[in-house]
Amino acid sequence: MKRCWSQGIAKTGSGKTAAFVLPMLVHIMDQPELEKGEGPIGIIVAPTRELSEQIHKETRRFSKPYNLRVCAAFGGLSKYDQFKDLKAGAEVNSNRSCFFASWL
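As the structure is a computational prediction, the values presented were derived from the model and not from experiment. Residue positions within a chain follow its written sequence, with the count starting from 1. With the structure being a predicted model, the display of local features is reserved for residues of pLDDT at least 70 and the display and counting of side-chain atom pairs for 80 or more, all residues being used for whole-chain, interface and lining totals. Derived side-chain values reflect all non-hydrogen atoms in the structure, with water molecules and hydrogen atoms excluded from consideration.

(A) Just the packing of helix H1 (residues 16–29) against helix H2 (residues 49–63), in detail. Contact geometry of H1 with H2 gives a least axis separation of 10 Å together with a crossing angle of 45°. With respect to their mutual orientation, H1 and H2 come out oblique. Seen along the crossing, H1 lies across H2 with a hand that is right-handed. Across the interface between the two elements, Thr-17, Ala-18, Phe-20, Val-21, Leu-22 and Leu-25 of H1 pack against Ile-55, Glu-58, Thr-59, Phe-62 and Ser-63 of H2. In the contact of H1 with H2, the residues fall into seven nonpolar, three polar and one charged. Each axis is a line fitted through C-alpha atoms, taken for helices only over the stretch in contact, and angles between the N-to-C directions span 0 to 180 degrees. We count a stretch as a helix when DSSP gives it H or I for four or more residues in a row; a strand needs E for two or more, and each element gets its number in order from the N terminus. Working rule for angles: under 35 degrees goes down as roughly parallel, over 145 as roughly antiparallel, 65 to 115 as roughly perpendicular, anything else as oblique. Note: crossing handedness is left-handed where the near helix turns anticlockwise from the far helix by less than a right angle, and right-handed where it turns clockwise. Every residue pair with non-hydrogen atoms within 4.5 Å of one another is taken to be in contact. For this scheme, ten residues count as nonpolar: Ala, Val, Leu, Ile, Met, Phe, Trp, Tyr, Cys and Pro. Four count as charged, namely Asp, Glu, Lys and Arg, and the remainder, Gly too, count as polar.

This is the structure in structure tokens:
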């Protein structure tokens, strides 16, 4: 699987999140298991807090059966908890574009 950017435009409830999250999870499961403090392998950047929250929720739902950890970086949640989750190691990070730059 090559690195690539994608953009999807479709109606609400049409499966856009699943369309990019499921291939990402397949790629993540092919990688060596993360050690504490490593990761993320997959990063999802969304333009708004609401969309970031929705993607984070759905990504956690898709990741749960595979015991993959998903952390968030967007407003409305404790920065301490977000940073703690990221430092503990997570395979996927879902965040808002302005928060992405501050975590780097």
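(B) Molecular detail of the pattern of salt bridges. Counted as salt bridges are all cases of a side-chain nitrogen of Lys or Arg within 4 Å of a carboxyl oxygen of Asp or Glu. Considering all chains together, one arrives at four salt bridges under this definition. In this structure, Glu-53 engages Arg-49 in a salt bridge whose closest nitrogen and oxygen atoms are separated by 2.9 Å. Residue Glu-53 and its partner Arg-49 are both found in helix H2; the two are separated by four residues, about one turn of the helix. On the basis of relative accessible area, Arg-49 is assigned to the partly exposed category, the value being 26%. One salt bridge connects Glu-91 with Arg-69, and the closest N-O pair in it is separated by 3.0 Å. Of this pair, Glu-91 sits in the loop between helix H3 (79–88) and strand E3 (92–96) while Arg-69 is found in the loop between H2 and strand E2 (70–73), placing the two residues 22 residues apart along the sequence. Under the scheme applied here, a residue whose accessible area is under 20% of the maximum for its type counts as buried, over 50% as exposed, and between as partly exposed, the area being computed with a 1.4 Å probe on protein chains only.

(C) Geometry of the nonpolar core. Val-21, Met-24, Leu-25, Ile-28, Ile-44, Ala-46, Ile-55, Phe-62, Leu-68, Val-70 and Val-92 together form the largest nonpolar core, which totals 11 residues. Looking at this core, the elements that each hand over two or more residues are H1, strand E1 (42–46) and H2. What Phe-62 contacts, discounting residues up to four positions off in sequence, is Thr-17, Ala-18, Val-21, Leu-22 and Leu-25. To define a nonpolar core, start from buried Ala, Val, Leu, Ile, Met, Phe, Trp, Tyr and Cys residues and group those joined through side-chain atoms within 4.5 Å.

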